[in-house]
Amino acid sequence: MAKKDELEISINAEGDVCINVIGAKGKKCLDLTKDLEDALGIVTQMETKPQFYEQDTETSAYTYTGLNK
């Protein structure tokens, strides 16, 4: 069974949006939040958790683009 990643979104009284990623490892959290960040506007602050520096075992550690065979 695949693990479930979650987004916890909160908005304070001033309208600032906070997106907390739960369950994702590595840079997968950036992929999960990209569309929301693009829709909401400019990111003014980003904090990473220790999980950001862990490798996500469900995805490849490397992405190859533009390779000639």
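Averaged over all residues, the pLDDT of the protein is 80; the fraction at 70 or higher stands at 78%. The lowest-confidence element of the protein is helix 1 (residues 28–40), averaging 90 in pLDDT; the highest-confidence one is strand 1 (residues 6–11), averaging 92. Segment residues 59–65: pLDDT under 50, and one contact once partners within four positions in sequence are set aside and those in other chains are kept.

Residue placement: Thr33 occurs in helix 1. Looking at Thr33, the relative accessible area reads 5%, which means it is buried.

This part takes up a nonpolar patch on the surface. Where nonpolar side chains cluster on the molecular surface, the patch consists of Leu7, Ile9, Ile11, Val17, Leu32, Leu36 and Leu40 and spans about 580 Å² of accessible area. Elements with a minimum of two residues in the nonpolar patch: strand 1 and helix 1. Here Leu7 is to be found in strand 1.

Here strand 1 pairs with strand 2 (residues 17–22) via six bridges, running antiparallel. Each residue of the ladder has a partner; that of Glu8, found in strand 2, is Asn20. From the end of strand 1 to the start of strand 2, which pair antiparallel, there are five residues, and Gly15 there has a positive phi angle of about 90 degrees.

Calculation criteria
- Residues numbered from 1 in each chain as written.
- Predicted model: local features only at pLDDT ≥ 70, side-chain atom pairs only at ≥ 80, totals over all residues.
- Heavy atoms only, no water.
- pLDDT = per-residue confidence, 0-100.
- Helix = DSSP H or I, 4+ residues; strand = E, 2+ residues; numbered from the N terminus.
- Contact = heavy atoms within 4.5 Å.
- Buried < 20%, exposed > 50% of the residue type's maximum accessible area, 1.4 Å probe, protein only.
- Patch = residues over 30% accessible without salt bridge, like charges linked within 9 Å, V, L, I, M, F, W, Y side chains within 5 Å.
- Areas by Shrake-Rupley, 256 points an atom, 1.4 Å probe, with all protein chains shown as cover.
- Salt bridge = Lys/Arg side-chain N within 4 Å of Asp/Glu carboxyl O.
- Pairing = 2+ DSSP bridges.

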